[in-house]
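These are the residues of each chain, in order.
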Amino acid sequence: MTVLYRFFSFCVAASMMTTAAAEEMLKSNKAKVLVAELHGVNSEILGTLDISFDGSNDMDMIINYNIQGAPKNCRNCIVSIHQNSACSDLGRHYFEGKEIHNPWKQHRNIIATDDNGNGNSRDADSTKPLRIGGGNGINIENNNEHVVAIYEENAGKYVRSRNRHTVIACGVLHELHSQQKIFANL
């Protein structure tokens with residue numbers, strides 16, 4: 001059942017990406033991409049987020065997203081990968097090294113939405129993809145099946161609810177392989 005669910009999740013995630021974007025990410029068998037289907041607080045599908053790994057050490061991250069129905073005019077929404085593999089229990093930020101080097105606490109990891117709650121980093125009128133040099137210090141294989149979350153931020157501080165950050169979208173990262181190229185055209 002788990003294999004079937006993962007297979008279906010990849011089909012859905014790939015179909016939500018633009019064909020050109022999926023083709024670009026999967027040009028070669030060496031593509032190193034993680035994809036997450038993002039769900040909102042009521043389990044509704046909000047879109048997808050993908051992370052490609054490149055650079056001389058395959059650690060640099062480029063984060064793209066396509067979301068609809070998120071909070072309106074979110075200009076300070078933050079993205080981060082967490083230790084756990086379930087949205088019900090995120091765990092701590094997932095990174096290698098000292099807390100001072102935590103890439104998920106940097107204010108450069110911002111996702112923006114318009115006045116309809118839509119955002120797309122590949123759209124000509126949107127923000128550019130997020131680039132994190134050195135990523136979280138962890139390779140693609142070890143980031144696979146970890147949770148990625150998007151938080152709403154208020155006045156420079158995370159909004160907290162029951163001692164937790166307010167999560168507006170969450171999903172589990174799965175490696176997208178070149179064999180799944182066919183699903184980009186669904």
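Above this note sits the structure.
Residues numbered from 1 in each chain as written. Predicted model: local features only at pLDDT ≥ 70, side-chain atom pairs only at ≥ 80, totals over all residues. Heavy atoms only, no water.

Here the focus is the overall build of the protein. What the protein contains, in helices and strands, is 3 helices and 14 strands. Taking the contacts inside the protein whose residues are at least 6 apart along the sequence as the reference set, 67% of them involve residues at least 24 apart. Roughly 10000 Å² of accessible area belongs to the protein as shown, and the carbon and sulfur atoms make up 49% of that amount. (Helix = DSSP H or I, 4+ residues; strand = E, 2+ residues; numbered from the N terminus. Contact = heavy atoms within 4.5 Å. Areas by Shrake-Rupley, 256 points an atom, 1.4 Å probe, with all protein chains shown as cover.)

Scanning the model with the defined rule gives 3 salt bridges in all. With its nearest N and O atoms 2.8 Å apart, the salt bridge here joins Asp58 to Lys32. Taken together, the residues Asp58 in the loop between β2 (45-54) and β3 (60-67) and Lys32 in the loop between α2 (19-25) and β1 (33-39) connect sequence positions 26 residues apart. Take Asp58: its relative accessible area is 30%, and that puts it in the partly exposed class. Here Lys32 falls in the partly exposed class, since its relative accessible area comes to 28%. The salt bridge involving Lys105 is made with Glu99; its shortest N-O contact spans 2.8 Å. Taking the relative accessible area as the measure of exposure, Glu99 reaches 37% and is therefore partly exposed. (Salt bridge = Lys/Arg side-chain N within 4 Å of Asp/Glu carboxyl O. Buried < 20%, exposed > 50% of the residue type's maximum accessible area, 1.4 Å probe, protein only.)

The subject of this paragraph is the nonpolar core. By size, the foremost hydrophobic cluster in this structure holds 30 residues, and its most contacted members are Leu49 and Ile111. Of all the secondary-structure elements, those providing two or more residues to this core are β1, β2, β3, β4 (77-81), β7 (130-132), β8 (147-151) and β13 (167-172). Look past the residues within four positions of Leu49 in its chain and what remains in contact with it is Leu34, Val35, Ala36, Leu38, Ile63, Asn64, Tyr65, Val79, Ile111, Val148 and Leu173. The next biggest cluster of nonpolar side chains, apart from the first, holds 5 residues, and it includes Leu90, Val147, Tyr151 and Cys170. (Core = buried A, V, L, I, M, F, W, Y, C linked by side-chain atoms within 4.5 Å.)

Evaluated as defined, the whole model comprises 1 disulfide. Two residues, Cys87 and Cys170, share a disulfide whose sulfurs are 2.1 Å apart. Taking the torsion about the S-S bond as the criterion, the Cys87 to Cys170 disulfide, at about -95 degrees, is left-handed. Of this pair, Cys87 sits in the loop between β4 and β5 (110-111) while Cys170 sits in strand β13, and the two are 83 residues apart along the sequence. Judged by relative accessible area, which is 34%, Cys87 ranks as partly exposed. (Disulfide = S-S within 2.5 Å.)

Let us now look at unusual backbone geometry. Phi angles above zero are rare outside glycine, and Ser43 is one such case at about 70 degrees. The class for Ser43 is exposed, based on a relative accessible area of 56%. With a phi angle near 65 degrees, Glu145 is a residue other than glycine that sits in the positive phi range. Tracing the backbone through its elements, the reader meets Glu145 in the loop between α3 (140-143) and β8.

Honestly, it's all geometry; don't read function into it.
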